[in-house]
Amino acid sequence: MLRASSTFIVIAMLMGCTGTPAQTSAPTETVLGDATNESSTESPLIEPNLENTISPNGYTIQEYPVPAGSHPHDVAPAPDGTVWYTAQHSGELGRLDPATGETHHIPLGPGSSPHGVIVGPDGAPWITDSGLNAIVRVDPQTEDVQTFPLPADGGYTNLNTAVFDRDGLLWFTGQSGIYGRLDPSTGNLEVFSAPRGRGPYGI
């Protein structure tokens with residue numbers, strides 16, 4: 001399980017449980033306070049928490065501080081074992097190496113406020129950016145940022161978390177009352193009115 005809080009990325013791993021963990025309550029966590037790294041978007045090299053918290057249902061929980069002010073929202077595991085996360089307050093995409101605790105941030109552009117992040121069929125992180133009112137792709141090797149803006153005449157849509165379908169199309173929602181799809185192969189982006197108006201959150 002991956003989870004983001006305002007100051008930590010939390011990773012929980014099942015450790016030799018018997019029975020069905022899903023029948024118990026969610027893993028507990030201990031929040032230790034804000035990370036302090038005001039001068040850089042790179043966090044210092046951190047020894048991962050070796051004194052792990054063990055929850056009653058058998059999960060081992062590790063906490064990894066992120067740069068102060070990041071406010072991570074969504075997380076997604078990358079194919080290479082690192083973890084992508086959206087740094088919503090700083091307008092960046094973060095990358096955590098759980099082996100070292102090191103983080104690295106990639107700026108997404110002026111006005112960015114990224115919400116969701118998922119890894120696409122191409123192995124790249126895809127972001128729903130409510131600040132940019134756009135879908136954003138980041139190349140995991142070059143860190144090049146590619147932006148697919150929603151139609152300007154549609155106004156602010158408050159984008160949430162997207163999903164790829166089996167044909168490779170990216171579907172997304174906006175709480176303003178829209179859903180849409182992007183074809184990465186052509187860049188064609190379509191937006192539709194949600195059947196019940198305002199409120200759709202995630203897909």
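Residues numbered from 1 in each chain as written. Predicted model: local features only at pLDDT ≥ 70, side-chain atom pairs only at ≥ 80, totals over all residues. Heavy atoms only, no water.

Engineer: Is there a simple way to explain the sheet that holds strand β7 (residues 92–97) in this structure?
Structural biologist: Sheet strands associate in pairs through backbone hydrogen bonding, adopting either a parallel or an antiparallel arrangement. Pairing is antiparallel in the open sheet, where four strands are placed in the order β5-β6-β7-β8. For this open sheet the edge positions go to β5 (72–77) and β8 (102–107), each flanked by a neighbour on one side alone. Going across the sheet, the axis of each strand differs from the next one's by a mean of 25 degrees, ignoring polarity. Sheet topology places strand β6 (residues 83–87) next to β7; five bridges connect them, and they run antiparallel. (Pairing = 2+ DSSP bridges. Helix = DSSP H or I, 4+ residues; strand = E, 2+ residues; numbered from the N terminus. Axes fitted to C-alpha atoms, helices over the stretch in contact; angles between N-to-C directions.)

Engineer: Quick question: what am I supposed to make of unusual backbone geometry here?
Structural biologist: Trans peptide bonds make up the majority, and among non-glycine residues the majority have a negative phi. The phi dihedral of H71 is positive, around 50 degrees, even though this residue is not glycine. Tracing the sequence through the fold places H71 in the loop between β4 (59–65) and β5. Even without a glycine there, the phi angle at N133 is positive, about 50 degrees. Tracing the backbone through its elements, the reader meets N133 in the loop between β10 (125–129) and β11 (134–138).

Engineer: Sorry if this is basic, but what is going on with the confidence of the model for the protein chain here?
Structural biologist: The share of residues in the protein chain with pLDDT of 70 or more is 73%, and the mean pLDDT across the chain is 81. Contacts of residues 13–47 to residues separated by more than four positions or lying in other chains number 69 contacts, the stretch itself having pLDDT below 50. (pLDDT = per-residue confidence, 0-100. Contact = heavy atoms within 4.5 Å.)

Engineer: I tried to follow the nonpolar core on my own but got confused; where do I start?
Structural biologist: Note on soluble globular proteins: their nonpolar side chains tend to be buried together. One finds W126, I135, L150, L170, F172, L182 and L189 to be the most contacted residues of the largest nonpolar core, which totals 14 residues. Mapped by element, the contributors of at least two residues to this core are β14 (170–174) and β15 (178–183). Discounting chain neighbours no more than four positions away, the residues touching L189 are I135, F148, P149, L150, P151, F172, R181 and L182. Residues A78, I106, L108 and V136 belong to the second largest nonpolar core, which totals ten residues. (Core = buried A, V, L, I, M, F, W, Y, C linked by side-chain atoms within 4.5 Å. Buried < 20%, exposed > 50% of the residue type's maximum accessible area, 1.4 Å probe, protein only.)

Engineer: Help me out: how do you make sense of the pairing of β7 in this one?
Structural biologist: It is a general feature of regular strands that their side chains alternate between the two faces of the sheet. Across the six residues that make up β7, a large majority, five, are buried. Hairpin connection between β6 and β7: a loop of four residues separates the two successive antiparallel strands, and G91 in this loop has a positive phi of roughly 70 degrees. Summarising the sheet, β7 and β8 pair through six bridges and their orientation is antiparallel. Counted as the bridge partner of G94 is H105 from β8. What sits between β7 and β8 in their antiparallel hairpin is a turn of four residues, with G101 showing a positive phi close to 85 degrees.

Engineer: Even after reading the chapter, I still don't get the pattern of salt bridges, so can you show me in this structure?
Structural biologist: Pairing between side chains of opposite charge can happen when their charged atoms approach one another. Going through the model one piece at a time under the given rule, you end up with four salt bridges. Residue D80 is joined to R95 by a salt bridge in which the shortest nitrogen-to-oxygen separation is 2.9 Å. Residue D80 is located in the loop between β5 and β6, and its partner R95 is located in strand β7; the two are separated by 15 residues in the primary sequence. Owing to a relative accessible area of 18%, R95 belongs among the buried residues under this scheme. Notably, a salt bridge pairs D139 with R137, separated by 4.0 Å at the nearest N-O pair. Across the pair, exposure class does not vary: D139 and R137 are buried alike. (Salt bridge = Lys/Arg side-chain N within 4 Å of Asp/Glu carboxyl O.)

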